[in-house]
Amino acid sequence: MSPVGAKGNKSKKRNGKSGVPAQRSGARGAAAAPGPGQGSDFAGSRFTGSAAQQYGQQYNTFVQQYAPAPSALDALQALPPEFTGRDEDLAPLLDLLAPDSGTERPVAVVAGMGGVGKTTLAHAVGHEVLKRGWFTGVLLVDLRGYDPQPAQPEQSLDALLRRLGVQPEHIPPTGADREVFYRSHLAERGRKGERLLVIADNASSAAQVKPLLPPAPHAMVATSRRALPGIGRPRTLHQLQPDDAVALLALALREANPEDRRVEEDREAAERVATACGCLPLALQIVAALLVQDPDQPLAERAERLAAGNGRLDSINDGERDLRAVFGQTFDSLLPQQQDLFRMLSLNAGPDISTPAAAALTHHTETAIDNQLGQLAAAHLITRGTTRGRWQMHDLLRDYAVEQTQAHLKGNRTARRKYDQARERLTAHYVKRAEGARTHIDLSDQLQPSPEFQDREGALRWVDGESGTLIATAHQEAPSEASVRLCFALTEYLQYRELRDEALAIAALSLDSLRSLGDRLNEPSAWSHLGYALRDLHRYDEALDAHTTARGLYERLGDTFGFAKAWENGGSVLEALHRFTEALEAHATARGLYEQIDDVRGQAITWNNTGITLRSLHRYEEALAVHATARELCEGRGDTNGQANALSSTGITLQRLARFDEALVVHATARELYEVRGDTHGQAVAWNNTGITLQDLGRYDEALAAHATARELYEAAGDTNGQAVTANNTGITLQDLGRYDEALAAHATARDLNQAAGNTHSQAITWNNTGTALRALHRHGEAVAAGRRAAEAFESLADFTRAGEALGELATSLEAGGAGADEVKATWLRSAGAYDRAGATVKRDESRAKAEAVGGGAG
């Protein structure tokens, strides 16, 4: 359904006569007064004299027929031109209100935070139901729920009766009588074929709305910043989606000036404005008004102003509308303890908070704090997260909470001490849990599993849910011991989940903190963590520098284990740099140091890494021998993880020797060991290696099945990068089967996953494979474009081995597409140059030979 933009067709006003009522008279006291629903019918009544006085005094009621008065059943204002993005919210409301919905008296409650657009949505519903002819009129009433003096039910009933055309002298004096009269009047209209929609806007409690509920066949839509229990069907309204928020901004600007093209001319800045406004309609409308007032202001300038410091709410005020005031109305309606909790939540650095963390923050039980959080959620100052037991706060509400906290603490030493203690409790909670999780996630068998978690899966689930908050807390608390402890606790998790950019940021943060604290004892570990992160980002020269620095610091401290580890890490980076001889020397040095301290696990790791380097040198038989040594050492100490890793390395080496059947057996054994350990990620790796081996054997259907299993396991482990790898390998297998269109789809999936993970290197690999599939389909132009993207990405990442390969594929695609000989030759020479920089002399010579075979003038 397209957004409702125009006012609906007006329905004809019906002013039917009230009939000839029977006259009643007599005295009645307060005890005998009929209440709502007791059957009294005041349709057409007139109240005189003492009727305006309190219950308990006698008065006469004269019922008489009166002339019809004008009604206000079509008072809806036109929707704002920028109304957009609410189709999914309109649809269920319209379904409920449809004549054939099966609901006798439909009632809906649209709830959401201040400024989210509840009133506009309710009006859009009104316009649409009139347009469709489902209702003969719409009654509007503003309950002013968050004003200093909210409308009382008797006031709202008075307003509704007047809009229904009831003359003031015929309106009963008390709320109870007005409620009966209101329902009687609506019932009479219903009997005459009318169907009215009551829009009760801006309610703060169910008590404001209940007396206004209409009888069948009429309906109601109420709006509130709170949940209204017992009032109809709830519908929570959230902020707009980012694209819809940008669309609202563009529509608002063009409404003021059709020539205003600022959004179209700088879409990126428009998105930043929308993000800074939290995609909140009111905030966007205010900012649009400010932009209209300053037609020469670039969107980028407005975006920077909105993002600057703590004054974002100051920039969302156009003189008539103030978002801070809207939030203030809701905040002021809270009880003192609720206000205190709302302020305290701003102390949490992350994007959300769990119930246990909130309990630590407030020093309450989880049961008590869960109830209080539920009350804030009912007020739409926080929202329940997608995971049960987690709570989120809108960015702009968070800004408001921070302001309220600062104001509360100003000059109040008692409050400041209370809030400082709360923050310390929260940070201690995160540190304790994170360090406990690390003992389960680390697979070195060197850490005693913490009782904080039952198993590895539970620890991973917890860190998955809290990782954003833990990282934010580490930054907020830096430089401090707590910040460093959080950084160190997160290292293995970030490596396991292959969150490479986050790992780099955390490693750099811990290093800066340790330097600021003057902690020389832990500084070398931080350098090692930095080296891991840089290596995983393929920034090998920087990684080598980091490990070399760590090595020097460990040596000065006399830490032989750390010294050995630094040599080992440096060897792995040297292998990635194709400096194989130096890598072998580094591994040997590390192994000798591990032998000095009788560290069998360390020796096994160095033997396995030595085998990987020998494999890169095509010294496969030697590689198999040292992998076997590594495996034997792991078996001797009962290290099943080490055994599985050594077997995986052995299987890959057997593949290089074309001993595929043996490789399959070895990969199967590795899978079994990973399964025994409950290592889902390791099982995924082993299945992926199995799939590649089956592909080498030409058993393509089995290979596809193996890659599918690997992908499911990677998904279960939460490894987006692993999922991308298996999708890419699936694409390669499909190419081998000649199923190129399916291969393209698989490579596209891999690219999307890599993009989601921020893995530029893997994206480049997938672009290279995409190019080969396109070439096979004779889509040469697209193949060339894909090849260029891959080559440029590898060159920018300084992965010259991959760059040489991608440039070779590009040259092949250019030639297949009929490119000139000079361009093809130049591309082959670029490939040779890349291989030369990588030290891959054999590949370099092959590319040079290809260039010479082409001929042409390039050289």
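Structure shown above.
Just so it is clear, the structure is predicted and the values come from calculations on it, not from any experiment. Within each chain, residues carry numbers counting from 1 in the order of the written sequence. Note on the predicted model: pLDDT of at least 70 is required for a residue's local features to be given, and 80 or more for side-chain atom pairs to be given and counted; whole-chain, interface and lining totals, by contrast, use all residues. Note: side-chain values were computed over all heavy atoms of the structure, leaving out hydrogens and water.

Draft legend 1. Quick peek at helix H31 (residues 740-757). The secondary structure listing takes helices from DSSP runs of H or I that are at least 4 residues long and strands from runs of E that are at least 2 residues long, numbered from the N terminus. Multiplying one less than the number of residues by 1.5 Å gives the expected span of a helix. If you check H31, its first and last C-alpha atoms are 25 Å apart, about what 18 residues at 1.5 Å a residue would give, namely 26 Å. Partly exposed residues are those whose accessible area sits between 20% and 50% of the maximum for their type, while under 20% is buried and over 50% is exposed, using a 1.4 Å probe and protein chains only. Among all positions in H31, only Ala743, Leu744, Ala746, His747, Ala750, Arg751, Leu753 and Asn754 are buried. It only takes one pair of heavy atoms within 4.5 Å for two residues to be counted as in contact. Contact partners of the buried residues in H31: helix H29 (700-717), helix H30 (720-736) and helix H32 (760-776).

Draft legend 2. Structural detail: the pattern of salt bridges. Think of a salt bridge as a Lys or Arg side-chain nitrogen and an Asp or Glu carboxyl oxygen that are within 4 Å of each other. If you walk through the whole model with that rule in mind, you get 48 salt bridges. For Asp536, the salt bridge is made with Arg535, and the minimal N-O distance between the two is 3.5 Å. The partly exposed category is assigned to Arg535, whose relative accessible area is 24%. Taken together, the shared-partner salt bridges connect Arg86, Asp89 and Arg235 into one network.

Draft legend 3. Summary view of the nonpolar core. Residues grouped as a nonpolar core are buried Ala, Val, Leu, Ile, Met, Phe, Trp, Tyr and Cys residues, joined through side-chain atoms within 4.5 Å. Val125, Leu197, Leu323, Phe327, Leu345 and Ile353 are the most contacted members of the largest nonpolar core, which has 145 residues in total. When neighbours within four sequence positions are excluded, Ile353 is seen to be in contact with Leu345, Asn348, Ala358, Leu361, Gly389, Arg390, Trp391, Leu426 and Tyr430. If you look at the next biggest cluster of nonpolar residues, it comprises 27 residues, including Leu143, Tyr182, Ala206 and Val209.

Draft legend 4. Highlighting empty space enclosed by the protein. Only protein atoms enter the calculation, which uses a 1 Å grid: trapped sets of points that fit a 1.4 Å probe without letting it out are cavities, open sets showing protein on both sides within 12 Å along at least five of seven lines are pockets, and any residue with an atom within 4 Å of a point is a lining residue. Grid points are joined across faces, edges and corners, and a volume is the space filled by probe spheres set on the points. Scanning the entire structure with this criterion turns up 3 cavities of 30 Å³ or more. When its volume is computed, the second largest cavity comes out at roughly 70 Å³. In terms of residue count, helix H18 (residues 481-496) provides more of the lining of the second largest cavity than any other element does, 4 residues in total. Put simply, Ala, Val, Leu, Ile, Met, Phe, Trp, Tyr, Cys and Pro go in the nonpolar bin, Asp, Glu, Lys and Arg in the charged bin, and everything else, Gly too, in the polar bin. Residue composition of the lining of the second largest cavity, grouped by class: 7 nonpolar, 3 polar and no charged.

Draft legend 5. Structural view of unusual backbone geometry. Between Ala216 and the following residue, Pro217, the backbone shows a cis peptide bond with an omega angle of 10 degrees. Relative to the elements of secondary structure, Pro217 occurs in the loop between helix H5 (206-209) and strand E6 (219-224). Note the cis peptide between Ala478 and Pro479, where omega equals -10 degrees. The topology assignment puts Pro479 in the loop between helix H17 (456-477) and H18. At His618, a position not held by glycine, the phi torsion is positive, near 65 degrees. Summarising the element assignment, His618 is placed in the loop between helix H24 (600-616) and helix H25 (620-636). Here His618 falls in the exposed class, since its relative accessible area comes to 58%.

Draft legend 6. Looking closely at the sheet that holds E6. Two strands form a pair only when DSSP identifies at least two bridges running between them. Across the sheet, 5 strands lie side by side as E4-E5-E6-E3-E7; this open sheet has parallel pairing. Every interior strand has two partners, whereas the edge strands, strand E4 (137-142) and strand E7 (233-236), have only one. Averaged over all pairs of adjacent strands, the angle between strand axes in this sheet comes to 20 degrees, irrespective of strand direction. As judged from the 4 bridges shared by strand E3 (residues 107-111) and E7, these two strands associate in the parallel manner. What sits directly across from Ala111, in E7, is Thr236. Angles run from 0 to 180 degrees between N-to-C directions of axes, and those axes are lines fitted to C-alpha atoms, restricted for helices to the stretch in contact. Packing against the sheet, helix H3 (residues 153-163) makes contact with E4 and strand E5 (196-203), and its axis sits at approximately 150 degrees to E4.

Draft legend 7. Focus on the environment of Asp719. Checked against the element boundaries, Asp719 lands in the loop between H29 and H30. In this structure the C-alpha to C-alpha distance between Asp719 and Ala684, which are 35 residues apart in sequence, comes to 9.8 Å. Residues in contact with Asp719, not counting those within four places in the same chain, are Tyr496, Arg497, Glu498, His681 and Tyr714. Within polar-contact distance, the side chain of Asp719 engages the side chain of His681 at 2.7 Å. Polar contacts, as used here, are pairs of N or O atoms within 3.5 Å; protein pairs need one atom able to donate a hydrogen and one able to accept it. Residues neighboring in sequence count only if both atoms are side-chain atoms. At 2.8 Å, the side chain of Asp719 forms a polar contact with the backbone nitrogen of Gly722.

Draft legend 8. Inspection of the packing of aromatic side chains at higher detail. Pairing of aromatic rings covers Phe, Tyr and Trp, the last counted by its six-membered ring, and requires centre-to-centre distances within 6.5 Å; plane angles under 30 degrees mean stacked, over 60 mean edge-to-face, and any other angle means tilted. Inspection of the entire model under this criterion finds 7 aromatic pairs. Ring plane angle 70 degrees and centroid distance 6.0 Å describe the contact between Phe327 and Tyr400, whose orientation is recorded as edge-to-face. Here Phe327, found in helix H11 (residues 323-332), pairs with Tyr400, found in helix H15 (residues 395-409); they are 73 residues apart in sequence, far enough to count as distant. The burial state of Phe327 is the same as that of Tyr400; both residues are buried. Note on Phe342 and Tyr400: the rings are 6.3 Å apart at their centroids and 45 degrees apart in plane angle, and the pair reads as tilted. Here Tyr400 lies in helix H15 and Phe342 lies in helix H12 (residues 336-345), a separation of 58 residues in the sequence. A single burial state applies to Phe342 and to Tyr400, both of which are buried. Joined through ring pairs, the aromatic side chains of Phe327, Phe331, Phe342 and Tyr400 make up one cluster. By definition here, charges over rings are those cases where NZ of Lys or CZ of Arg is within 6 Å of the ring centre and within 35 degrees of the ring normal. Arg456 extends its terminal NZ or CZ atom over the ring of Tyr496, reaching a point 4.6 Å from the ring centre. Above the plane of the ring of Trp567 lies Arg551, whose end atom (NZ or CZ) is 3.9 Å from the centre.

Draft legend 9. Up close: the packing of H25 against helix H26 (residues 640-656). For the pair H25 and H26, the least separation of the axes is 8 Å and the interaxial angle reads 165 degrees. Taken together, the axes of H25 and H26 lie roughly antiparallel to each other. The two elements H25 and H26 cross, and the hand of that crossing is left-handed. Facing Tyr620, Ala623, Leu624, His627, Ala630, Arg631, Cys634 and Glu635 of H25, the residues of H26 in contact are Gly642, Gln643, Ala646, Leu647, Ser649, Thr650, Thr653, Leu654 and Arg656. In terms of residue class, the contact of H25 with H26 is made up of 8 nonpolar, 6 polar and 3 charged. Put simply, angles under 35 degrees are roughly parallel, angles over 145 are roughly antiparallel, angles from 65 to 115 are roughly perpendicular, and the rest are oblique. Crossings are assigned a handedness: left-handed for a near helix turned anticlockwise from the far helix by less than a right angle, right-handed for a clockwise turn.

Draft legend 10. Fine view of the layout of surface pockets. In this structure, the second largest pocket occupies an estimated 710 Å³ of space. Contributions of two or more residues to the lining of the second largest pocket are made by helix H2 (118-131), E5, helix H9 (281-293) and H11. When grouped by side-chain class, the residues that make up the lining of the second largest pocket number 8 nonpolar, 10 polar and 10 charged.

Draft legend 11. View of the pairing of E4. With 5 of 6 residues buried, E4 is to be regarded as a mostly interior element. Summarising the sheet, E4 and E5 pair through 6 bridges and their orientation is parallel. Bridge pairing links Leu140 to Ile199 in E5.

Draft legend 12. How the structure looks around the packing of helix H16 (residues 413-441) against H17. In contact at an axis separation of 9 Å, H16 and H17 are set at 135 degrees when each is read in the N-to-C sense. If you check the angle between H16 and H17, you find them oblique. Handedness of the H16/H17 crossing: left-handed. Here H16 contributes Arg423, Thr427, Tyr430, Arg433, Ala434, Ala437, His440 and Ile441 to the contact with H17, which in turn contributes Arg456, Ala459, Leu460, Trp462, Val463, Glu466, Thr469, Leu470, Thr473, Gln476 and Glu477. For the contact of H16 with H17, the residue count by class is 9 nonpolar, 5 polar and 5 charged.

In short, the description is geometric, and any link to function would need to be established separately.
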